[in-house]
Structure formats: C-alpha cells, structure tokens
Amino acid sequence: MAAASNLQSEDQFLCSICLDVFTDPVAIPCGHNFCKNCITEHWNTSDRCQCPICKEAFTTRPDLRVNTLFSEMILHSSEQQVSKPGEVPCDFCTGTKLKALKPCLVCLASYCETHLEPHLTASRLKRHQLIDPVENLEDKMCMKHDKPLELFCKTDQTCVCMLCHVVDHKMHDVVPLKEEYKEKKAELGKTEAGIQQMIQKRRLKIQEIKHSVDLSEEDADREIAEGVQVFTALKESVERGQANLIDTIKEKQKKTDRQAGAFIKELEKEISELTKRRTEVEKLSRSEDQLHLLQSFQSLKAAPPTKDWTEVSVRTSSYEGTVLKAVAQLEETLNKEMKKLLEDELKRVQQYAVDVTVDPDTANPYLILSDDGKQVNDSDVKKNLPENPERFSNYVFILGKQSFSSGRFYFEVQVKGKTEWTLGVARESINRKGVITRRPQNGYWTIWLKNGNEYKALAGPDVSLSLKSRPKKVGVFVDYEEGLVSFYDVDAAALIYSFTSCCFTEKLFPFFCPGLNYGDKNSAPLIISPVNQAE
C-alpha cells in the first residue's frame, strides 16, 4: 500500500480496508471507494460479493471504475514531500509533517506549500519576509530589535540587523550577510586545503621515521652479526662479553624504536585531530546556512594546535666503538678480530666523508693558508689582517668554513712530518680572543701532539694516549645526535680516542692548529686530505 501523505483532510482519502491513503482508488456501485487491490483481494477471499462498508450485495462482481477526482487529489498531495531527517518541517502540518517550503521571519514559523498559500495571497501577509528553509528560525532574528539578521559588522565580527547598524554600529564597517558569507566560505576552503597539507606532511614524516627505523635496524643487525662472529670464536670466558654486546646494541635499537613509536603515535593523533577538523570544515563549507557558517567560522578557521615536525627526525643509534669496548679486555686473544673490526668501522665512518676547507676569516694572522683552503701552517711573520669577531687573536688556530648541526660527518688530515698539532671540532660560540683553554666544557673536542711524541685527548682533565705508532693521517668522525667524536689513525685503521656522551646544541666546525714553527722544526703544514675508502 502507498505510504501515508499529509492531506488537508486525511480521513476522506483513506481506504477502509488497508486504512492507508488510496492507491489506484476505484468506486463500486454503492458509491464507496477502495484501493483497487484491496477490494479485489477482499472479494477473492469472501463467499459473497458485497460492500465492506454498507454490506450491499451484488449478484455479479461489478466492474471497477477509477475514481478520477480522488486520484488527482492524491497525486497533487504526494508531490508535496514528507519532511526527512535534517530537513525543516512545516510547523502547521498535523500528523505526518511535510517539508517546509518557506519560513516567515515575521511569524517565526515554517510553512509547506499548502500552509504557505495565505502568505502568497493575503495582502497583509504578503508584506512578511520569507526566506529559504532553515532550522532554529529564532536564531536568525536580532534579540534586541526583533529584526532579521541581514548584515555583518566586520568591526565587531558579529551579525546585526538594520536597526543595529543604524543605532549601535553606525560608524562600523558593515556589509551584507551574503557578501561576508562568500568571503568566509572562501577562507574556509583555504583552511581546509591547509589542514589537508598538514595531514600530508605528517604522513610523509611517518614514512620518513619508519625509513629511519629500518636503516637503524639494518645497522643493528649488521653490528650484532659482527659481534657474534667475534665472540663465538672465544671460550666460555668471553661469552659474557658477547651477551653484553648484543644487549647494548639491542637496547640502543629499542631506544630508537621507542622514540619512533612515540613520534608516530603523536603524528597519528595529530592526523586524527586534523581529520576531525577537516570534516568539520568540509561540513561547514557546504552549509547553505549563512548565519551558522559565520557564527562557527572563528572556531573552525584555524587548524588545531599541532607540533612543527619540520626538524623532527628519529635519531638512529651509532654503534661505532660498541664492539671495541667489549673486546678491549681480551686484547691478547683478540688482536686479529680487533684489526678486522677496526678496518670495518673505519670503512663505515668514511662513508660520511665531507669536503672541508679552512676559513680565512677565522685564521690567526701568523698562519699561512693554501689557495685551495686545504693546507695551513705557522709562519714567523704576522700578516696585517682586519680584526673581526671570528678571528683567533692569540693562538695559531683556525676553523673550517663548513659547519654541521645534525647527522654524521668525517674528514681526514695529514699530520706527517709534524712535531705539534691539534685537531678536532669546536662549537660556534667558542672564545676566540684572550686566553683559550681547549676543553669540552669550553666548546672544544680535540686531541693533540706535543714535543713530537706526547699525545693527549684534551678532555679536561687531559687523557694521555698510548699509541703503537705515530699517525701520519688522522680521521675525525662526529655523530651529532649520538654525541660522539672519534679520532682514527687512518693508516693503521686504529681508534685513537673517542669523546662520548657529548651534548651538542650549536653548530660544530672542524678545528685545526698546526702548532708553532719552532725554527722550521714544525714547518710541515696540516693538509686536509681526500678520503680514500678501503675496498
């Protein structure tokens, strides 16, 4: 049977058999009307052919004729749509509510086509202001003047009526509601696009973090394999060292995993918040309710507070030196393994080789620099150079031109033929005038040679270094995030010294001191050499 529709007088259009609005209404000879299917089925199941209402009996089944008047009236009524969820219903329909065609701002009521007719015909009601259907009609009226909110005050960022404009907002920047609606809707479109871009950036950051974790896992797997290879060649006394090595490496990897997991969780949370906000913005931007959009605009205009992820990255652990610490206690039995490990380690750090040149603006006036910026040595003649804040005044020091504030980097310096030198890295804010003490607490991470055979790490207090041979070429490796500065004897593939657990918060510069000339005894220059990676 047909769904019930709201009519001016429903009862006269209801079938007495199905109690619903007529479907294909037909009349029988006694004058009563029924749905064609209803009366047909009734007679098919009854012994007698009679009217269900007046009980008039018919000797033969009468012909069923369509009730044209009822059909047209029902058809006209069905064209008026029943109000669905989310649509504005007519305030005057009883029973089933029809969809409102127009609300009246004077009557503060909504009307379907039938109940709207007086507003279209009566001269008194014709002066009322009709608008498109909206919910909460009272909210469209000014609470102070009981007039429609038709204007928007840009000065106070609020919706106003015509009287508000004249009385309270006379000198303000006031525009029609529709004009401000279009402008704010355009801004919402930009906001939505911006939020979508933020979501995309965070998704890319998740991919970057996951990739960093994968790289870290590869490093960890490789390091574990090398450590296992070393310790499985030993007897029971070194099995404890093997376990400690693996635990140390795995703990570092777990730390990376935890950090990455925290970042991903935070990013996913931000994506969830941004997605929620985007949905709200999309819904608002599709709204045809001008007032609702403007009233909600400020709360949805800006994206929810989020973290700036531009510089965030997962710090992958550096494993250089891990195996060395474990096997140092077994030097006599591990010489062969140590040699191999050192060669592999040097080969790995050499992968981070960078091109370094000295910076003439930082050079002490007694220093001589090569044209290519790769060599530096002391002279007995002071050059007339402009004094500047970057220049070292009292010591024959010089910095590299390149700076580093993240990641890993490596460079090599030839020290062959010298009896004195200092190498390492220094932070940007170091003191360059007056008395300078090279210590980590002062921003210097360096080792030196003095008197031709005295090697020290200037660690504050200094650490004397016992080297099996005099290095001809020194490699300097820095892992900024790990807080590691390591020095290598390149030719011997031996670790000279490592500063660990350093806290870097500034730019780092390569640091060079060729030492004084001492009557040509130390005249050989420090030479920044190209890195030749071992096969």
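Note that the structure is predicted; figures quoted are calculated from it, not measured.

1. Regarding the side chain of Asn388
Part 1 of the reasoning: Secondary-structure assignment places Asn388 in the loop between β10 (375–378) and β11 (398–399).
Part 2 of the reasoning: A polar side-chain atom of Asn388 sits 3.0 Å from the main-chain amide nitrogen of Glu390.
Part 3 of the reasoning: Within the structure, Asn388 has its side chain in polar contact with the backbone nitrogen of Arg391 (distance 2.8 Å).

2. Digging into unusual backbone geometry
Part 1 of the reasoning: The linkage connecting Gly460 with the following residue, Pro461, adopts the cis geometry, with an omega of 5°.
Part 2 of the reasoning: Inspection of the secondary structure puts Pro461 in the loop between β15 (454–457) and β16 (463–464).
Part 3 of the reasoning: Phi is positive for Lys55, which is not a glycine, with a value near 70°.
Part 4 of the reasoning: Along the chain, Lys55 falls in the loop between α1 (36–44) and β3 (65–66).

3. Re the sheet that holds strand β12 (residues 408–414)
Part 1 of the reasoning: Spatially, the seven strands line up as an open sheet ordered β9-β10-β21-β12-β17-β18-β19, and their pairing is antiparallel. Two strands in the sheet have a free side with no partner beyond their single neighbour: β9 (367–369) and β19 (494–499). Strand after strand, the sheet turns through a mean of 20° between neighbouring axes, direction not considered.
Part 2 of the reasoning: Relative to β10, β9 runs antiparallel, the two being bridged by three bridges. Following the sheet pairing, Leu367 is matched in β10 by Asp378.
Part 3 of the reasoning: Of the strands in this sheet, β12, β17 (473–479), β18 (484–489) and β19 are in contact with helix α10 (residues 335–350), which crosses β12 at around 110°.

Cut-off values and rules
Residues numbered from 1 in each chain as written. Predicted model: local features only at pLDDT ≥ 70, side-chain atom pairs only at ≥ 80, totals over all residues. Heavy atoms only, no water. Helix = DSSP H or I, 4+ residues; strand = E, 2+ residues; numbered from the N terminus. Polar contact = N/O pair within 3.5 Å; in protein donor to acceptor, adjacent residues only side chain to side chain. Pairing = 2+ DSSP bridges. Axes fitted to C-alpha atoms, helices over the stretch in contact; angles between N-to-C directions. Contact = heavy atoms within 4.5 Å.

The values are spatial; any link to function lies outside them.
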